[in-house]
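Analysis of the macromolecular model
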Amino acid sequence: MRLTCMFSFILLFGAAGLVVFIHLQDPEEIVHQQTPGIKYNMGFQQPKKDCVPSNNQERRLRKNTADGVATVKQSASLHLSENVPTKLQSTDRRQSSVMFAMKDQQKGEEINSIRLHKRRRRFLIKKSPILISMNSSILDLPTLKSEDRNNSKWKSLYQIQRERKRIMRETCSKYKSNNRRIITPYHVSRIFVEDKYRVLYCEVPKAGCSNWKRVLMVLNGLASSTKDIQHNTVHYGNYLKRLDGFDHKGIYHRLNTYTKMLFIREPFEKLVSAFRDKFEHPNNYYHPVFGKAIISRYRVNATKEALRTGSGVKFKEFIQYLLDVHRPVGMDIHWDHVNRLCSPCLIDYDFVGKFESMEEDANFFLHLIGAPQNLTFPKFKDRHSNEERTTTKITQQYFAQLSPSQRQRSYDFYYMDYLMFNYSKPFEDLY
């Protein structure tokens, strides 16, 4: 008898837990992943709390008898659907799924779970970022003008762009297949806007970003020449607009109609360039913020002076910090992944340039958008101009200070950037 009572109690306890679990479940947003070469036709998505389903969306919704929420069907037209919650199912329907639960207990659990569900949904609506559903650019890669189609140079550069986009899309499709096709204002926080020529530029530090900002300022009529613009004006003048500064309609419109471009650089070379700039020269931000934390954590018997100033960080210590999952100080845009800075698997960039072929790629881009013919990409180096640029040879000298294991882990850290932008392995012993 005691065993029977205990068994019955376990069943009732399990049933109650199941009811609570069912009510606490939130519907996942089911969205289509973009397939290379396929464009999405969809509308602007409002914040969840303001969602009003259209007629098309209503036809795509069906009741889910298990958890009482809306499930979005796949659409043949590849529309992205909003997740719209439906009313909770009736008590009778839930009773059929847990027949062994007592009526009065189930009723009490139902009331409690509804309260929890509503409370949790209010919290999610309040805390969740506003979502903007996105599709590919309407423009795609700007087409060559009729007079350029017989120009072998332009045709070659055009084919290079198509190949870069193909590799980037295939990599995203292979490794980011579960990514939701949703873009928040955070994803566009590093994108600068030039409205006159309808250009969006994602800033990648140490890949010509200062000079690209100069070009955008000239295109926008803020300066007559790139040579007239000082470094501090470029980075601290706030003359250029960022995409996340617009409302949701403005963000959506520009992402779908402007030419989107980014320029990238070989990851190890970009990393060494950032280290040399921030830690081998006086810097009143990176030394006290990053340098002190790095020296304190990774240098044995550090001097009081080094701990006080944060100056003199060694490259090996810097790599220890970079690879540490419990970093004493957070990441920085100068050595973060391009994949995180610009979200190329979410934002379908129309033009992908490389630092290694900067002059050729940049001037080709300016030609495509119809920029003034006298505007060319500047070649000058405005910071530490007397110092040699970071080259492949210099990069190898820095990485020679590391153990094979550290080099491998560094390569693994930037693996997606190497793969997505088709850079070869920088060392033969990497796998």
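Each remark here, short or long, concerns the structure printed above.
From a predicted model like this one, the values you see are computed outputs, not experimental measurements.

**Describing the packing of aromatic side chains**
- Under the defined criterion, the tally for this structure stands at 33 aromatic pairs.
- Seen from their ring centres, Phe-275 and Phe-318 are 5.4 Å apart, and the 40° between their planes marks the pair as tilted. Of this pair, Phe-275 sits in helix α9 (residues 267–279) while Phe-318 sits in helix α12 (residues 315–323); the two residues are 43 residues apart in sequence, bridging distant segments of the chain.
- Relative to Phe-427, the ring of Phe-399 lies with its centre 6.1 Å away and its plane at 50°, an arrangement referred to as tilted. With Phe-399 in helix α15 (residues 392–399) and Phe-427 in the segment after α17 (415–420), this residue pair connects regions lying 28 residues apart in the sequence. Like Phe-427, Phe-399 is buried.
- Above the plane of the ring of Phe-246 lies Arg-254, whose end atom (NZ or CZ) is 3.8 Å from the centre.
- Seen from the ring of Phe-427, Arg-407 lies directly overhead, with NZ or CZ sitting 5.2 Å from the centre.

**Quick look at the side chain of His-281**
- Following the sequence through the fold, His-281 ends up in the loop between α9 and α10 (286–298).
- Looking at His-281, the relative accessible area reads 16%, which means it is buried.
- Within the local environment of His-281, its side chain forms a polar contact with the side chain of Glu-387, the two groups lying 3.0 Å apart.
- Those residues in contact with His-281 that sit more than four places away from it in its chain are Arg-276, His-287, His-384 and Glu-387.

**Brief notes about unusual backbone geometry**
- Its identity as a non-glycine residue notwithstanding, Arg-198 has a phi of 60°, on the positive side.
- Position of Arg-198 relative to the elements: it lies in the loop between β5 (191–194) and β6 (199–202).
- The class for Arg-198 is partly exposed, based on a relative accessible area of 36%.

**Focus on the pairing of β6**
- Side chains Val-199 and Tyr-201 project from β6 onto one buried face, and the interleaved Leu-200 and Cys-202 project onto a second face that is buried too.
- As paired strands, β5 and β6 are joined by 4 bridges and run antiparallel to one another. Following the sheet pairing, Glu-194 is matched in β6 by Val-199.
- The antiparallel hairpin formed by β5 and β6 contains 4 residues in its connecting segment, where Arg-198 sits at a positive phi of about 60°.

**Details of the pattern of salt bridges**
- In total, this model carries 19 salt bridges according to the counting rule given.
- One salt bridge in this structure joins Lys-206 and Asp-277, with 3.2 Å as the shortest N-O distance. With Lys-206 in the loop between β6 and α6 (209–219) and Asp-277 in helix α9, this pair connects stretches of sequence that are 71 residues apart.
- Exposure remark for Asp-277: the relative accessible area of 6% places this residue in the buried category.
- Note that Arg-340 and Asp-336 form a salt bridge whose closest N and O atoms lie 3.1 Å from each other.

**Some words on the state of the cysteines**
- On inspection of all chains with the given rule, the structure shows 2 disulfides.
- A disulfide bridge connects Cys-202 with Cys-342, and the sulfur atoms are separated by 1.9 Å. Its torsion about the S-S bond being -95°, the disulfide of Cys-202 and Cys-342 is classed as left-handed. Placement of Cys-202 in strand β6 and of Cys-342 in helix α13 (residues 338–342) is noted, with a sequence separation of 140 residues between them. Both residues of the pair, Cys-202 and Cys-342, count as buried.
- Disulfide partners in the chain, listed by the sequence order of the bonded cysteines, are 1-4, 2-3.

**Structural notes on the packing of α10 against α12**
- The N-to-C vectors of α10 and α12 enclose an angle of 90°; their axes lie 10 Å apart at closest approach. Our classification of the angle between α10 and α12 gives roughly perpendicular. Contact residues: Phe-290, Ile-294, Ile-295 and Tyr-298 in α10; Glu-317, Phe-318, Gln-320 and Tyr-321 in α12.

How each quantity is defined
Residues numbered from 1 in each chain as written. Predicted model: local features only at pLDDT ≥ 70, side-chain atom pairs only at ≥ 80, totals over all residues. Heavy atoms only, no water. Phe/Tyr/Trp six-rings, centres within 6.5 Å; stacked < 30°, edge-to-face > 60°. Helix = DSSP H or I, 4+ residues; strand = E, 2+ residues; numbered from the N terminus. Buried < 20%, exposed > 50% of the residue type's maximum accessible area, 1.4 Å probe, protein only. Lys NZ or Arg CZ within 6 Å of the ring centre and 35° of its normal. Polar contact = N/O pair within 3.5 Å; in protein donor to acceptor, adjacent residues only side chain to side chain. Contact = heavy atoms within 4.5 Å. Pairing = 2+ DSSP bridges. Salt bridge = Lys/Arg side-chain N within 4 Å of Asp/Glu carboxyl O. Disulfide = S-S within 2.5 Å. Axes fitted to C-alpha atoms, helices over the stretch in contact; angles between N-to-C directions. Parallel < 35°, antiparallel > 145°, perpendicular 65-115°, else oblique.

The values are spatial; any link to function lies outside them.
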